[in-house]
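# Remarks on the overall topology
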Amino acid sequence: EQEEQEEQEEQEEQEEQEEQEELEELEELEEPEEKEELEEPEEPAAILEVPESGGLEADSKDREDALIADILQEHRNNPLRKLAAENYFFGFLLQSGKEKKYKRVKLDALPALCLAPEENCYYFAGTNAELLQYYLVEPQKLEIKVLSRAKFNKALKSEIGQVERHDFKALIASAVIDASQGQLLDGHSVKQKIMLRNMPDVADGSILSQYKDIAEYMHQQPVNLFDVAERLQVPMSDIFDFYNVCYLLGYVKVTAADSKESEGENSKTLGRFLKSFFTK
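Description of the structure in this document.

What counts as what
- Residues numbered from 1 in each chain as written.
- Predicted model: local features only at pLDDT ≥ 70, side-chain atom pairs only at ≥ 80, totals over all residues.
- Heavy atoms only, no water.
- Axes fitted to C-alpha atoms, helices over the stretch in contact; angles between N-to-C directions.
- Helix = DSSP H or I, 4+ residues; strand = E, 2+ residues; numbered from the N terminus.
- Parallel < 35°, antiparallel > 145°, perpendicular 65-115°, else oblique.
- Left-handed = near helix turned anticlockwise from the far one by under 90°.
- Contact = heavy atoms within 4.5 Å.
- Nonpolar A, V, L, I, M, F, W, Y, C, P; charged D, E, K, R; others polar.
- Salt bridge = Lys/Arg side-chain N within 4 Å of Asp/Glu carboxyl O.
- Buried < 20%, exposed > 50% of the residue type's maximum accessible area, 1.4 Å probe, protein only.
- Pairing = 2+ DSSP bridges.
- 1 Å grid on protein atoms, 1.4 Å probe; cavity = no way out; pocket = protein on both sides within 12 Å on 5 of 7 lines; lining within 4 Å.
- Points joined across faces, edges and corners; volume = space filled by probe spheres on them.
- Polar contact = N/O pair within 3.5 Å; in protein donor to acceptor, adjacent residues only side chain to side chain.
- Core = buried A, V, L, I, M, F, W, Y, C linked by side-chain atoms within 4.5 Å.

Quick look at the packing of helix α8 (residues 225-232) against helix α9 (residues 236-248) now. Between α8 and α9, whose axes approach to 10 Å, the crossing angle comes to 130°. One finds that α8 runs oblique with respect to α9. Of the two elements, α8 crosses α9, and the hand of that crossing is right-handed. On α9, the residues touching Leu225, Phe226, Val228 and Ala229 of α8 are Met236, Ile239, Phe240 and Tyr243. Here the residues of the contact of α8 with α9 sort into eight nonpolar, no polar and no charged.

Structure, rendered in structure tokens:
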């Protein structure tokens, strides 16, 4: 009986131990899984403030305008060449207009200028400041190639790209005005009577639109340049620039040479407008 009692006690102890183990297993199963620690979100990278495209364009234009002003000021400060067709780019353009040949023109490392005077157009992919350097150069420094129409088209594709055509006469007018800078063509007189044969293009947006009043007055009757200045109260520099363009493009008709009778009157007008001769 004692042995049976011992066996029974051992069995009960074993059962209790098994129950304890089962309870521990259940507790482990019921324990919630540890939550994964969430990584703190990184702070977003600082956003660089980039100027709007309009602002960038405005800055670029301001820089180019300043460069153009510097180039023109240097030109005015060094009047070493007489204002004549043989000394400036506009003379080369006038000759090219008469020849009516396709040309590719280069100046140092500047973009090429392609001329098609027969079609009254030109092509240029550079900036206004770069084009201005062509205007002020001596023609002897230009690298010029006369091309066939086929080779001209090839040059347009390889060097110019998708650039719109521009008016050839407007190119001449711009070249004359920027080279003149308020000076009268060499050998010309402010006293001779002149008249516009016909009206140049002075519509809004054209290169000569700023000279509309001068053009209309000079088209009405024969006048000298002093008369125009006195009548319209405009700087002589503007009158000279406009006259130079019109004369070189064939709009001006000389109706009378210098006359001694008008010398006294003209000298008085000269005194009134002398200060505006080279005002730009």
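Glancing now at the environment of Val105. Structurally, Val105 can be placed in strand β1 (residues 102-106). Remark: the alpha-carbon pair of Val105 and Glu143, spanning 38 residues in sequence, is separated by 5.7 Å. Excluding its chain neighbours within four sequence positions, the residues that come into contact with Val105 are Phe92, Ala112, Leu113, Leu115, Tyr134, Leu142, Glu143 and Ile144.

Let's shift gears to the pattern of salt bridges. Counted according to the given criterion, the structure contains five salt bridges. A salt bridge links Arg104 to Glu143; the shortest N-O distance between them is 4.0 Å. With Arg104 in strand β1 and Glu143 in strand β4 (residues 143-147), the pair connects residues that are 39 residues apart, well separated along the chain. Across the pair Arg149 and Glu119 runs a salt bridge, and its minimum N-O distance is 3.0 Å. Taken as a pair, Arg149 in helix α5 (residues 149-160) and Glu119 in the loop between β2 (113-116) and β3 (121-124) lie far apart in primary sequence, 30 residues in all. Look at Arg149 and you get partly exposed, because its relative accessible area is 32%. A relative accessible area of 25% means that Glu119 is categorised as partly exposed.

Attention now goes to the pairing of β3. Here β3 shows no split at all, with Cys121 and Tyr123 on one side and Tyr122 and Phe124 on the other all buried. Both β2 and β3 contribute to a ladder of four bridges, which runs antiparallel. In the strand pairing of β3, Leu115 is matched with Tyr122. Count of turn residues in the β2/β3 antiparallel hairpin: four residues, of which Asn120 carries a positive phi of about 55°. Relative to strand β5 (residues 166-167), β3 is paired through two bridges, and the arrangement is antiparallel. Its bridge partner being in β5, Tyr122 is matched across the sheet by His166.

Let us look at the layout of surface pockets. Volume-wise, the largest pocket comes out at about 580 Å³. In terms of lining residues, the largest pocket is bounded by 25 residues, among which Asn128, Leu131, Tyr135, Ser174 and Ile207 are the most central. Counting residues per element, the ones that place at least two in the lining of the largest pocket are α2 (53-77), β3, α4 (128-136), β5 and α6 (168-180). Looking at which element gives the most residues to the lining of the largest pocket, the answer is α6, with five residues. Here the lining of the largest pocket is built from residues that sort into 13 nonpolar, eight polar and four charged.

Here we take up the side chain of Gln192. By secondary structure assignment, the location of Gln192 is in the loop between α6 and β6 (193-196). Polar contacts involving the side chain of Gln192 include one to the side chain of Tyr243, which spans 3.1 Å.

Here the focus is the nonpolar core. Counting residues in each nonpolar core, the largest one holds 60 residues, and the members touching the most others are Phe90 and Leu225. In this structure, Leu225 is in contact with Leu184, Val190, Ile194, Met218, Met236, Ile239, Phe240 and Tyr243, ignoring residues within four places of it in sequence. Within the second largest apolar cluster, 10 residues are counted, among which are Cys121, Tyr123, Phe152 and Leu156.

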